[in-house]
Amino acid sequence: MIQPFLQNVTFCCNNPDHQPILNALKLIMKYFDSKKTYFPDQEVIPMSFLPEKWKKRVIDEKNGKVKRIGYEVYLLKKLADAISCREIWIKDAFKHRNPDHDLPSDFEANQNMYFNDLALPTTADDFIKTLQNNLTDALERFNNNITHNDKVRISIKTDKKKGRIVLTPLTAQVESQNVKTIKKHLQEKWQTTNLIDMLKETELGLNLTADFVSYGEKVYLKPKEISERLLLAIYGFGTNVGLKHICAGNEAVTYHQLRHIKDYFLTADNLKNAIGKVADAIFKIRFPEIWGNTPLAVACDSTQFSAYIQNLIAEYHNRYGGRGVMIYWHVEKNACCIHSKLKSVSSSEVSSMIEGVLRHCTEMSVQKSYVDTHGQSEVGFAFSHLLSFSLMPRFANIDKQKLAQCALGDYQKYPNINAIFSDSINWELIKEQYSQMVKYAAAMKLGYADPEAVLRRFSKNNLKHPTYKALSELGRVIKTIFLCKYLMDESMRQEIQEGLNVVELWNGVSKYIFYGKTGEITSNNEKIQNLSVKSLHLTQLSMVYINTIMIQQILVEHNLIDKLTEEDKRALTPLIYEHVNPYGLFPLDLEQRLPYIQYEVAA
C-alpha cells in the first residue's frame, strides 16, 4: 500500500530544514519498481537527515554505496515523525493540513488586541520581569521553609532510582458522621428510583429536548413525541443497552422510530447544549451554605472503555490492558461534569485538558485544573499560564522532580534545595519567541485550531523547533513555581487530591450506568461512539441534578443544614447511586412524576 499511497498524496513543508526529506521521497519513488540493492552512483542522495548510527547501516562499508531498502525504511520513519508534528503537511488534508492555517492571519497587524484578550503584557521584557520575580520569590520562600517543614525533605543520597525529594503522605481527614444518616433517609424515601425517571424529571424541569435541532427540513412529529423518543434514545445510548432493548416497556415506540430520531435529532452538538443547560441548572439550585459558591476549579482525568478494534480510534492500552477508547472528563469538586471528550489511547491528555477548559459549554469560569501525572507537561504548564488558568498536577514521580534555576548563581544562593536544581532558564529564548508563543495561545483560545492540533507540533519529534524550546523553558519556570508551592503547602496537596478523588468517583459511577453489552462500545462508527459518550454524560449529569434536589430536600425536612460540620460538607456528594436502578424494563410516562419531590425547596 505504500507505493500507491505516496503516488497519490502531495507532501509539502514550510521549513527548509525538512526539504531534504521531500527530495529523498522523490528519489525512492523513482526506484520503487527497481530490484537493485543499491542506488545508482549518478544519483544525488540526500543524507543530511540521517543520524550517524543509521548511516552505518545504510552505507555499505565495502563499496560505499547506499542500500536502497535500508534508506527507504529510515526515510519513511522520518516522514511519519515529521507528519505527526506537522513539519511536513499533506495537501487537501484536514488533520494533517498546513499548520499555518491554524494561526490567526492578522496577528502581526493586531498584536495588541490579541495580547489584551489573553491579559498578557505587550512587551517580552515586562513578561519576563514578572516571571523572574515570581520564580525568585518562590525559590527563596521554599529554601527558607524546608528547614522547618516536617512533611518534606531533600535526600542527600545519590540513588537515581529513588530520587531526592521525600514527601510524607497526606494526613487522613476526619470521617463524616452525618452523611450516612442523609443516605439512609434518601434510600428510605426514594428506594429503587429508576434511572430513566431521573432523566425524565430533568427533562420536565428544564425542557432539554425543546432545543434539539433537526437535520431534516420539516418536522412532522408532535413535540411530546419528539421528547419521548429522544429521552429513550439518549437512555439507550447512555446505558449502552441499545435502541432495540430500550423499546421494552414502551409498546407505543418502535425501533425504527428511535432510529429516525437518532438520525435526525440526536447529534453531539444538541447533546452538548443539553449538558450545558443541566450543569448550569445544578449551579443555580445549590444551597451555597452546603456546596459553596460558584466553583472555579475542575479535576480532569480519563477512563478507558472497551471498544471494537476495527476502527481508527480504538487502540491497545499498555497501562490498563485491553483494547478500547478513552473518555476524558472535567468534573468540579461537587460532581458536576462540565465537559467530556472521546479520545484515542495515544492522544495527548494535555490537549484534552486544555480543550475542556476552553470549550466547556457552561457558565463556569475555570481558573484551576487538577490533573494527574499524565495530564501535565512542561508545554502544558506554559500554555496554561498563557491562557490564564493554573495547572495543578498530582505528581506520582514527585521524588524525581527538579527545580529550574533563575540564574546560574542560584545553585549557591539556595543551599537548602540546591540538590534538586537543574539547568538555569534561557530567558533570551523566551524573549525571542514570546510573540510566537502568544500567537499559538491565541489560536487555541479563539478556536482557530484545536489544542491537539497545536500541541502536535510541539512533541519529542520536533525538538529543534524554536517555539517548542521556548515553551519548554517557560513551562520549566511555571512548573518550578508550582512545585515550590506544592511542597510547602499541604493544604494545596489535599485540595488536589480531593478534586481527583471526585473525578475517580465519577469514573466509577459511569461504569455503573454504562452497563449494557458488558460496558463495551460495540460500534466502529466514531459518530455513534460520540453519541454514546455524550448520552452517558447527560444521563449521569441528570442523576446528579435530581440527587442534588433530593439531598437538599432531606436536609430541609430533617433540619440537618445547621448540624453539618465541615467534614460532612466535604464528604457529601450527589454521586450517590445506591437508590438508583438502571436495569429492567424502561417504561417512560411523561405524565407521571417522581413522588415526594418538592422542587420549590430546591429553588
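Once a new chain begins, its residue numbering starts again from 1 and follows that chain's sequence as written. pLDDT decides what is reported in this predicted model: residues at 70 or higher carry local features, side-chain atom pairs at 80 or more are listed and counted, and totals for whole chains, interfaces and linings draw on all residues regardless. For the side-chain quantities, the full set of heavy atoms in the structure was used; hydrogens and water were omitted.

### What about the packing of aromatic side chains?
Each aromatic pair joins two rings of Phe, Tyr and Trp (for Trp, the six-membered one) with centres within 6.5 Å, and gets the label stacked for planes under 30 degrees apart, edge-to-face for over 60, and tilted for any other angle. Applying the stated criterion across every chain, the model contains 24 aromatic pairs. Plain terms: the ring middles of Phe381 and Phe482 are 6.0 Å apart, the flat faces sit at 45° to each other, and that makes the pair tilted. In this pair, Phe381 sits in helix H15 (residues 378–386) while Phe482 sits in helix H19 (residues 466–488), placing the two residues 101 residues apart along the sequence. A single burial state applies to Phe381 and to Phe482, both of which are buried. Helix and strand labels come from DSSP, where a helix needs a run of H or I of at least four residues and a strand needs a run of E of at least two; each type is numbered from the N terminus. Here the term buried applies to any residue with accessible area under 20% of the maximum for its type, exposed to any over 50%, and partly exposed to those in between, with areas from a 1.4 Å probe on protein chains only.

### What to know about the layout of surface pockets
With a 1 Å grid spanning the protein atoms alone, the term cavity applies to any set of points in which a 1.4 Å probe fits but cannot get out, the term pocket to an open set with protein on both sides within 12 Å along at least five of seven lines, and the term lining residue to any residue with an atom within 4 Å of a point. Grid points are joined across faces, edges and corners, and a volume is the space filled by probe spheres set on the points. In this structure, the second largest pocket occupies an estimated 850 Å³ of space. Considering the residues around the second largest pocket, the lining is formed by 28 residues, among which Lys333, Asn334, Glu498, Lys569 and Arg570 are closest to the centre. Listing elements by their share of the lining of the second largest pocket, those giving two or more residues are helix H13 (288–291), strand E10 (368–371), helix H20 (490–513) and helix H22 (566–571). At eight residues, the largest contribution of residues to the lining of the second largest pocket is made by H20. Here the lining of the second largest pocket is composed, by residue class, of eleven nonpolar, ten polar and seven charged. Polarity classes work like this: nonpolar for Ala, Val, Leu, Ile, Met, Phe, Trp, Tyr, Cys and Pro, charged for Asp, Glu, Lys and Arg, and polar for all others, with Gly in that last group.

### Focus on helix H8 (residues 195–206)
Multiply 1.5 Å by the residue count of a helix minus one, and that product is the helix's expected span. Between its first and last C-alpha, H8 extends 17 Å over twelve residues, near the 16 Å set by a 1.5 Å rise per residue. Directly beyond the C-terminal end of H8, a positive phi value near 55° is found at Asn207.

### Some thoughts on the pattern of salt bridges
Criterion for a salt bridge: a side-chain nitrogen of Lys or Arg within 4 Å of a carboxyl oxygen of Asp or Glu. Counted by the stated rule, this structure contains 25 salt bridges. Here Glu175 and Lys180 are joined by a salt bridge, their closest N and O atoms 3.9 Å apart. Both residues of the pair, Glu175 and Lys180, count as exposed. Residues joined by salt bridges that share partners form a network here, namely Arg86, Arg97 and Asp102.

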